[in-house]
Amino acid sequence: MPTRTPMEVSIAVAKAVQQADVDVIAAYPITPQTHIVEHLSELVANGELQAHFMNVESEHSAISAMVGAAAAGASTFTATSSQGLALMHEILFIAASLRLPIVMVVANRALSGPISIWNDHSDIMAERDIGWIQVFCETGQEAYDAILHAFRVVRDPNVVLPMVVNIDGFNLTHVIEPIYLFEQEELGDYLPEHRQSLKLDIDHPITMGPVGIPEVYTEAKKQVEDALINSKQVILAAWQEFGRRFGRAYAPIETYRVEDAQILLMTMGVISRTAMGAVDRLRDAGKPVGLIRCRLWRPFPLPEFREAVRQASIIAVIDRHISLGAHSGPVGQEVRSALYTLPNRPQVFDFVLGLGGRDVTVHDFLEIVELAEQYATQGPPESEYTLIGLREV
Amino acid sequence: MAEKVEKRAIIGWRNLALGCAILEPGSSMHLLTGTWRLQRPVVDPEKCNQCGLCHIYCPDLAMTKTAAGTYEPDLNYCKGCGICAEECPKDAITLVEEKE
C-alpha cells in the first residue's frame, strides 16, 4: 500500500518531471515557479536525473531552447509564471505550430501592472489561443499526476503538441501537502518512451518552420487545430488508464454535489476547494447548489461541459482574470458562447475575484450565489460581470 | 508541365507534413512564383552578346541559358521586375506588357 509523503507541491512536480525522464530542462527563475526548476537543477547536479539543464538568460530564451531541443527529438520541460510567460508569447505559438511535445508548468501569477507576484489567472488567460493543451490543477496530488499525464499525452503520436499544466502560484505551488508518489517501477509503461517521428537529423535533413505563404498558412493552422481538438480523446484515455492502474480518476469537467442542483458555481484551479466549502454550507441549508470545475481548458470540452450544466438554471462563473474592455471575463465569455446555440440554456452570470493574490473565501462564494439568485429573479446587473470584493472608497 | 508543378506545391491540410515541415530539398522549385507578373522580358537574340549579366542579376535566377548560348526568362518564376532589361549592356531585353 503506497503511503503519502508530505511535501511542497513544487517539489512533487519536479519529482514527476524526473520520473518522466526528460532530456533537456531550460530554466529562468521567476516567482512563484522557481522551486520547481531549482529542485530539478539539484536532481541533475546530484546525478539523480540524467538531463541537460540549461541556465538561460530569459524566458524567451528558455522557450526557444525548448523549441530547439524538442525539434532535435529531446523530451523537454520548463516552467514559468506571469511576466515570464508573457515574454515567451511569440514562441508559444511557434512551439505548437511546429508540433513540438514540450511540457511546461505555469505557476499562475498576476501580470503587471501594478507589479504583483501573487496568484490569479491573468498570465495564462492572455495565452488562450497558443495551440497548447492546457489543464488546471486543484490539489498537489493532481499537480503531480498531471505532469505524468502531460508527458504521456504529448508523446502520443496522434498528439505531438505542447502542453501547459497550470498550478496556482503560492496557493498551490508552495503548499505542503501529503502526496502519493510513485516508485519508478510502479509507473511501468504508463509513460511511453519519448520517440519523435519527425525531428532535426543531419542524416535525414528536413526543414522545420518554413515561411507559410498565403496558399498554405490556413492549412497549417487547420492542422494544429485538428490535432488540438483530437488530443481530447488521447487525454481522456490517459486519464482513464491512470484511474484503472492507480485508482485516481480524472475528468475534463469535475462535478461536486451537482445532483438536482439548480445553481452551479463554475471554477478553475485551487479555489475550487474553497468553493466546495461554500457548496457544503449551502446544501446544509437546503439550497440546491453544486460546483463544476473545468480541468481541461484547451481543447475546451464542449460536450462534457454542456452535459454537466444540462439541468441547471443558473451558472455563476468565476473568472480570475479581468478582461479589460470586454463585457466579461474569459471563462464567462467561453461559457456563454458554449451555451448560446442551445434552445434551453441556463442563465450565466460572471464574477471576477481573487485578482493579484486577493484572498478568496467561502464567504465570497456565498455572496456570489446570493447575487446570482438575485440577478436571476430581479434582472441582470448593469455590467455583464460583477467584481467581487471591490472597495469603492 | 506548369500545372503538374503547381499541384505538388499547393496541397490540402490533410497532406501537409507534421508541423508544416518540408521533407524534401528544393521544394520551392515546385512553387510557381511568376503568376502575378505584369511585364515580361523579351530578349532579342540578335543583340545578345551572351555575357550572362541578366542571369547574374536576376533575383530569381529566372534568366536561363538556351542551347544557342543566349538567354531567355523562365516565365514560371520571372516576376517581371525588369532588372535584366536595366542591366543588359546591349539593350537586348525589352519589357512587354502581359495581356490576358
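Residues numbered from 1 in each chain as written. Chains lettered and ligands numbered in written order. Predicted model: local features only at pLDDT ≥ 70, side-chain atom pairs only at ≥ 80, totals over all residues. Heavy atoms only, no water.

**As for the overall build of chain B**
Summing up its helical and strand segments, chain B has three helices and four strands in all. Element order for chain B, N to C, with α for helix and β for strand: α-β-α-β-β-α-β. Computed over C-alpha atoms, the radius of gyration of chain B comes to 16 Å, more than 25% over the 13 Å expected from 2.2 N^0.38 for 100 residues, which places it beyond the range of a compact globule. With respect to the principal axes defined by its C-alpha atoms, chain B has extents near 50 × 30 × 20 Å. Taking all 100 residues of chain B together, 32% fall into the buried category. Summing over all exposed atoms, chain B offers an accessible surface of approximately 6700 Å²; the carbon and sulfur share of this is 54%. Each charge sign in chain B was given a centre, from 11 positive and 14 negative side chains, and these centres are 6 Å apart. (Helix = DSSP H or I, 4+ residues; strand = E, 2+ residues; numbered from the N terminus. Rg over C-alpha atoms; globule rule 2.2 N^0.38 Å. Buried < 20%, exposed > 50% of the residue type's maximum accessible area, 1.4 Å probe, protein only. Areas by Shrake-Rupley, 256 points an atom, 1.4 Å probe, with all protein chains shown as cover. Lys, Arg positive; Asp, Glu negative; His and termini not counted. Charge placed at Lys NZ, Arg CZ, Asp CG, Glu CD.)

**Observations regarding the packing of helix 1 (residues 9-19) of chain A against helix 6 (residues 140-154) of chain A**
Residues and elements named next belong to chain A. Here helix 1 crosses helix 6 at 20°, and the two axes come no closer than 9 Å. Taken together, the axes of helix 1 and helix 6 lie roughly parallel to each other. Both helix 1 and helix 6 take part in a crossing whose hand is right-handed. For the pair formed by helix 1 and helix 6, the contact residues are Val-9, Ala-12, Val-13, Ala-16, Val-17 and Gln-19 on the first element and Gly-140, Ala-143, Tyr-144, Ile-147, Leu-148 and Phe-151 on the second. Of the residues that constitute the contact of helix 1 with helix 6, the class distribution is 10 nonpolar, two polar and no charged. (Axes fitted to C-alpha atoms, helices over the stretch in contact; angles between N-to-C directions. Parallel < 35°, antiparallel > 145°, perpendicular 65-115°, else oblique. Left-handed = near helix turned anticlockwise from the far one by under 90°. Contact = heavy atoms within 4.5 Å. Nonpolar A, V, L, I, M, F, W, Y, C, P; charged D, E, K, R; others polar.)

**Here's the deal with the domain arrangement of chain A**
Residues and elements named next belong to chain A. Segmenting chain A into domains produces domain 1 (4-246) and domain 2 (253-387). Counting residues at the interface gives 29 residues for domain 1, matched by 25 residues for domain 2. Interface of domain 1 and domain 2: buried area, both sides summed, is about 2200 Å²; carbon and sulfur atoms make up 58% of it. If you sort the residues of domain 1 by the area they bury against domain 2, Arg-128, Glu-138 and Lys-232 come out on top, with a joint share of 30%. Linking domain 1 with domain 2 are six salt bridges, by the criterion used here. The partner of Arg-320 in a salt bridge is Asp-168, and the shortest N-O contact between them spans 3.6 Å. Inspection of the region where domain 1 meets domain 2 yields 14 residue pairs in polar contact (both at pLDDT 80 or more). (Domains from an automatic or database assignment. Buried area = accessible area lost by both parts, 1.4 Å probe. Salt bridge = Lys/Arg side-chain N within 4 Å of Asp/Glu carboxyl O. Polar contact = N/O pair within 3.5 Å; in protein donor to acceptor, adjacent residues only side chain to side chain.)

**Some details on the sheet that holds strand 13 (residues 314-319) of chain A**
Residues and elements named next belong to chain A. If you walk across this open sheet you meet the six strands as 9-11-10-13-14-15, and the pairing is mixed. In the strand order of this sheet, the two ends are held by strand 9 (253-256) and strand 15 (385-387), each with one partner. Each strand axis lies, on average, 25° off the axis of its neighbour in the sheet, ignoring direction. Note: strand 10 (residues 263-267) against strand 11 (residues 289-294), five bridges, orientation parallel. Its bridge partner being in strand 11, Ile-263 is matched across the sheet by Val-289. (Pairing = 2+ DSSP bridges.)

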